Amino acid sequence: SNENIQFSWGKKRAKGGAKMDTQFYGSFTFDNVKYSLYDCVYLFKNGESEPYIGKIVKIWQQNEAKKVKILWFFTPDEIRNFLRGPVAENEIFLASGDGTGLADINPLESIAGKCTVVCISKDERNRQPTPKEQTVADYIFYRFFDVGNCTLSEQVPEKIAGLEVNVLLNPKDEQVICYPDQDVQGMDQKVGAGLVAPLPQSAVKMDEIPVAPLPQSAAKMEDEIPVAAVPLSQSVAISLPPSVKEVDKAQVAAVPLPLAVEEDVPKPTQKVFKRTENLTTKNMPSKKLKLSQDLTTQSMAPVPDVKVRSVPSAQQTTRQADRSKWFKPQPWHGKLAQADKEGRLVYIQNLDIRFGASEIVELIREALQLSCTAKPINHPTYDDPNNGKAYVVFNSRNIADEAVMKINSGLVVGGRPLYCSKGLLKVPKPASGALVGHLTISNQKMNPRQREEQKKAVSTSHCSQPNTIEYDLALDWMLVREKQAMKFSILHKRHAGERKSFAAKMEK
Amino acid sequence: MATSDEQAHEDRQDIKDEQLAHKDDEQAEKEYADFEARVRRTIYIDHLSPLVTAQVIKASLAQCANVVSTEFIQNYTIQYEIPAAALVEVDNVSQAQAAVDLMNNFPFMLGGMPRPVRAVFAKPDMFPDRPRKPGLKVEFSWVKQGDPGYDGMNKLKGLARRQEAENMALIKNQLEEEKELAAQQQETLEASNSKYDMLEKLITDGDITKLAQHYKVKLGDD
């Protein structure tokens with residue numbers, strides 16, 4: 001549960017609900033990060049390596065439950081089938097229209113962190129961002145994806161989710177900027193002084209940083225109730241990871257500077273969101289994760305009692321619409337074709353047949369430190385269960401090539417050496433004619449109406465009765481099928497035996 | 001080594017840690033348990049006509065089971081034309097049993113004759129969207145060039161490839177057998193049909209009585 005994670009309410013707004021038991025808010029502080037209405041946040045879905053990005057559009061508490069309504073952003077990957085035109089590397093798309101996938105209500109505790117999303121639309125209602133804002137932003141957007149009719153558009157709608165679009169575009173003041181270099185300097189000073197300097201996420205104002213004793217530097221210029229919930233007497237956890245080099249490495253050890261003793265201690269390999277230190281080098285790590293505080297290890301030296309902090313998201317589940325099932329028909333099918341065209345599709349063989357998509361994603365993440373989506377594709381009737389096959393889609397052609405090389409160089413999973421190649425397998429188009437074995441009688445004597453009736457009668461399902469020719473013919477088929485099943489069973493058993501004895505021989 | 005105080009503190013933290021991890025595991029276990037329940041009430045139908053839709057399946061099983069959902073299996077791996085197949089979820093296990101029994105005890109025609117469909121109980125690895133199986137360890141190691149066992153691993157890969165080829169050959173063989181049977185049956189059917197047509201013609205034209213007289217055979221109607 002969340003008892004140990006810091007939380008406090010910010011500005012109150014209206015009261016509501018049938019029994020007037022709901023209190024709406026304009027802001028809150030969670031895990032020492034201040035969130036306000038219309039801030040952009042990350043949310044995790046259980047089992048997925050990539051977080052979702054959304055905008056907080058409503059905050060409230062009803063009885064004991066704290067909830068937020070999140071308006072979603074889509075990554076280019078999620079709407080690949082509907083994308084047209086060039087896409088910037090950190091471009092995302094704001095949901096609009098009506099229907100599944102526009103917005104969801106989630107427990108407040110499922111928020112994993114803050115991010116900056118800047119709108120670069122030229123619409124007059126959108127305050128144009130400064131070049132600096134654009135550079136430091138985690139993501140940019142200028143297009144909207146209508147979830148109702150699955151269309152992409154640059155046109156700014158009047159309202160989204162019942163809100164005037166103005167509040168969803170760039171905020172009037174230049175607030176959400178972070179100047180990491182200055183952060184670092186400030187931090188060094190503070191660390192040296194042995195003081196705690198909470199600098200959670202990117203939404204830290206420049207002016208606040210050098211003021212060491214301020215508990216929550218996220219107190220904004222405007223009239224907000226200052227977040228007094230984090231006085232220095234309490235433990236303030238900051239995430240100060242070692243410098244990050246690898247782009248795809250999603251695991252960063254977080255190091256807080258606690259003053260009190262009681263702290264939540266997590267596993268060291270939790271993912272934590274931060275900002276990269278060198279934005280000058282235009283580092284875009286795996287499209288999503290950025291680091292907020294990036295201190296070199298030497299500044300860590302004076303810090304006592306170093307512990308690793310857990311990420312709230314790892315403990316909670318986000319109840320969200322299952323986005324993978326939205327865009328029918330057969331979203332995977334289109335995704336695969338597209339991925340193959342772009343060279344991002346890899347065909348892996350010799351997996352354990354029990355591995356599902358999540359196991360494969362986990363394997364790729366642990367063994368190669370790469371993120372991907374996967375789908376097991378064995379055909380239950382025909383494929384040999386000794387050899388599990390799957391399609392895996394990576395984020396770029398280069399990454400896919402790299403993965404193939406690495407896997408083929410000797411990745412062994414549970415004693416099974418995997419092998420893989422790029423590209424879709426050639427399969428015939430799904431048949432559109434009648435099944436082999438479904439016979440028709442060509443009879444010229446019938447008039448068209450009789451023919452129609454006969455056609456209908458044939459296609460009605462039924463059990464074959466023993467006194468018909470149909471029955472005899474059907475029995476032929478059942479016999480053939482039984483023989484087939486037996487042949488497959490014998491072959492697959494033999495294969496399993498061969499593999500076992502081979503493995504045994506190798507042991508020696 | 002840390003002091004005993006720190007050690008005790010570490011232990012407390014570890015316990016907390018495990019409790020938190022436990023929650024995650026509980027969630028995964030529940031999800032998988034739900035999945036397994038779904039598997040138990042799903043049947044796998046194959047030798048299915050590509051023309052059959054979910055509606056047709058629902059209607060045809062209505063006599064013994066209420067179909068909740070139908071998922072057709074995509075062919076990604078077989079390079080030949082194969083019959084369709086589907087995972088059909090019904091209300092409960094007894095309905096699933098009833099459906100399987102029905103389709104196994106009698107040749108069941110779905111969308112065409114005379115080739116019947118086949119139904120078996122579904123298994124977890126038939127579902128492409130199955131959730132994470134709790135307890136299934138994803139363990140891996142690297143055996144690269146120069147490592148001991150590298151040759152062995154390569155041989156294993158070769159074995160796997162050979163087995164795949166064997167399997168594909170068997171599939172090809174089966175499909176050809178089926179085509180032959182279908183052709184043969186079509187011939188038989190047409191032959192029977194023309195025989196019956198001929199008989200009918202004789203009766204309606206009255207030629208049958210002439211034939212009967214010629215061969216001195218008594219017709220049943222006399």
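Residues numbered from 1 in each chain as written. Chains lettered and ligands numbered in written order. Predicted model: local features only at pLDDT ≥ 70, side-chain atom pairs only at ≥ 80, totals over all residues. Heavy atoms only, no water.

The name an unreviewed UniProt entry gives chain B is RRM domain-containing protein, with Aegilops tauschii subsp. strangulata as the organism.

For chain A, the name recorded in an unreviewed UniProt entry is BAH domain-containing protein, with Aegilops tauschii subsp. strangulata as its organism.

### Quick look at the overall build of chain A
Helices and strands together make up the secondary structure of chain A, namely eight helices and 23 strands. Put simply, chain A has 508 residues, and 53% of those count as buried. Taken as a whole, chain A presents about 23,300 Å² of accessible surface, with 54% of it coming from carbon and sulfur. (Helix = DSSP H or I, 4+ residues; strand = E, 2+ residues; numbered from the N terminus. Buried < 20%, exposed > 50% of the residue type's maximum accessible area, 1.4 Å probe, protein only. Areas by Shrake-Rupley, 256 points an atom, 1.4 Å probe, with all protein chains shown as cover.)

### Here's the deal with the overall build of chain B
A tally of helices and strands in chain B yields five helices and six strands. Ordered by position in the sequence, the α and β elements of chain B form the string α-β-α-β-β-α-β-β-β-α-α. Across the 222 residues that make up chain B, the buried fraction comes to 39%. Counting contacts in chain B only where the partners sit at least 6 residues apart, residues at least 24 apart contribute 67% of the total. Element-wise, carbon and sulfur atoms account for 52% of the exposed surface of chain B, whose accessible area totals about 12,700 Å². (Contact = heavy atoms within 4.5 Å.)

### Focus: the interface of chain A and chain B
Residue-level contacts link 102 residues of chain A with 96 residues of chain B. In total, chain A and chain B occlude about 9,300 Å² of area from one another, counting both sides; carbon and sulfur atoms represent 60% of this. Interface area lost by chain A to chain B is led by Y382(A), W477(A) and R481(A), which between them contribute 8%. For the pair chain A and chain B, the number of links is four salt bridges. For E362(A), the salt bridge identified is with R132(B), shortest N-O distance 2.8 Å. Between chain A and chain B we count 29 residue pairs in polar contact (both at pLDDT 80 or more) in total. For the side of chain A that touches chain B, the element with the most residues is helix α8 (residues 469-507) of chain A, which contributes 22 residues. Within the side of chain A that touches chain B, the residues separate by chemical class into 45 nonpolar, 34 polar and 23 charged. Relative to strand β6 (residues 140-142) of chain B, strand β20 (residues 411-413) of chain A runs antiparallel, the two sharing three bridges. Paired with V413(A) across the strands is F140(B), a residue of β6(B). (Buried area = accessible area lost by both parts, 1.4 Å probe. Salt bridge = Lys/Arg side-chain N within 4 Å of Asp/Glu carboxyl O. Polar contact = N/O pair within 3.5 Å; in protein donor to acceptor, adjacent residues only side chain to side chain. Nonpolar A, V, L, I, M, F, W, Y, C, P; charged D, E, K, R; others polar. Pairing = 2+ DSSP bridges.)

### Focus on helix α6 (residues 397-408) of chain A
Residue and element names in this part refer to chain A. Given a rise of 1.5 Å per residue, 12 residues ought to cover 16 Å, and the 17 Å separating the end C-alpha atoms of α6 matches this to within 8%. For α6, the complete set of buried residues consists of I399, A400, A403, V404 and I407. Buried residues in α6, looked at end-on, bunch into an arc of 140°, giving them a common side. For α6, exposure combined with an orientation more than 90 degrees from the buried face picks out N398 and M405. One or two residues past the end of α6 sits G410, with phi positive at roughly 145°. (Expected span 1.5 Å × (residues − 1). Arc of directions from axis to C-beta.)

### Considerations on the packing of helix α4 (residues 150-205) of chain B against helix α5 (residues 207-215) of chain B
Residue and element names in this part refer to chain B. Orientation of α4 relative to α5, taken along the N-to-C sense of each, is 95°, at an axis distance of 5 Å. With respect to each other, α4 and α5 are oriented roughly perpendicular. Contacts from L202, I203 and D205 in α4 reach D207, I208 and L211 in α5. Residue composition of the contact of α4 with α5, grouped by class: four nonpolar, no polar and two charged. (Axes fitted to C-alpha atoms, helices over the stretch in contact; angles between N-to-C directions. Parallel < 35°, antiparallel > 145°, perpendicular 65-115°, else oblique.)

### Focus on the packing of α8(A) against α4(B)
Between α8(A) and α4(B), the shortest axis-to-axis distance is 11 Å and the interhelical angle comes to 175°. Between α8(A) and α4(B), the angle is such that the two are roughly antiparallel. Along the lines of polarity and charge, the residues of the contact of α8(A) with α4(B) split into 18 nonpolar, 10 polar and 10 charged.

### Topic: unusual backbone geometry
For residues that are not glycine, phi is negative in most cases, and the peptide bond is trans in most cases. Here the residue pair M113(B) and P114(B) is connected by a cis peptide bond, since its omega of -10° sits within 30 degrees of zero. Take P114(B): it is sitting in the loop between β4 (108-109) and β5 (118-121).

### Comments concerning a nonpolar patch on the surface
Residues I469(A), Y196(B) and L199(B) make up a contiguous nonpolar surface patch of roughly 270 Å² in combined accessible area. Inspection of the secondary structure assignment puts Y196(B) in helix α4. Given a relative accessible area of 47%, Y196(B) falls into the partly exposed group. (Patch = residues over 30% accessible without salt bridge, like charges linked within 9 Å, V, L, I, M, F, W, Y side chains within 5 Å.)

### Re helix α2 (residues 54-61) of chain B
Residues and elements named next belong to chain B. Those residues of α2 lying buried are I57, S60 and L61. All buried residues of α2 project into a common sector of 90° when viewed along the axis, lining one side. Across α2 from its buried face, at more than 90 degrees, point the exposed residues Q55 and A59. Residues of α2 that are buried sit in contact with β1 (42-48), β2 (67-72), β3 (84-90), α3 (93-105) and β4.

### Focus on the environment of T135(A)
All names here are of chain A. The residue T135 is located in helix α1 (residues 131-136) in this model. On the basis of relative accessibility, which here comes to 39%, the residue T135 falls in the partly exposed class. Measuring from C-alpha to C-alpha, the distance between T135 and V118 comes to 9.6 Å, with 17 residues separating the pair along the chain. A polar contact of 2.6 Å, which involves the side chain of T135, links it to the backbone oxygen of P131.

### Overview of the sheet that holds strand β5 (residues 33-36) of chain A
Residue and element names in this part refer to chain A. Taken together, three strands build an open sheet; the order of strands is β1-β4-β5 and the sheet is antiparallel. Two strands bound the open sheet, and with one partner strand each, they are β1 (7-9) and β5. Averaged over all neighbouring strand pairs, the angle between strand axes comes to 20°, with direction disregarded. Inspection of the sheet shows β1 paired to strand β4 (residues 27-30) by three bridges, in the antiparallel sense. Following the sheet pairing, W9 is matched in β4 by F28.

### With respect to the sheet that holds strand β21 (residues 416-417) of chain A
With respect to topology, three strands assemble into an open sheet ordered β21(A)-β20(A)-β6(B), the strand pairing being antiparallel. Two strands bound the open sheet, and with one partner strand each, they are β21 of chain A together with β6 of chain B. With two bridges joining them, β20(A) and β21(A) adopt antiparallel strand pairing. Looking across to β21(A), one finds that V412(A) is bridged to P417(A).

### Concerning the nonpolar core
One finds V117(A) and F141(A) to be the most contacted residues of the largest nonpolar core, which totals 32 residues. Setting aside residues no more than four positions away along its own chain, V117(A) makes contact with C40(A), I53(A), F73(A), I92(A), Y139(A), F141(A) and N170(A). Counting 27 residues, the second-largest nonpolar core is a separate cluster that includes L368(A), A374(A), A400(A) and L136(B). (Core = buried A, V, L, I, M, F, W, Y, C linked by side-chain atoms within 4.5 Å.)

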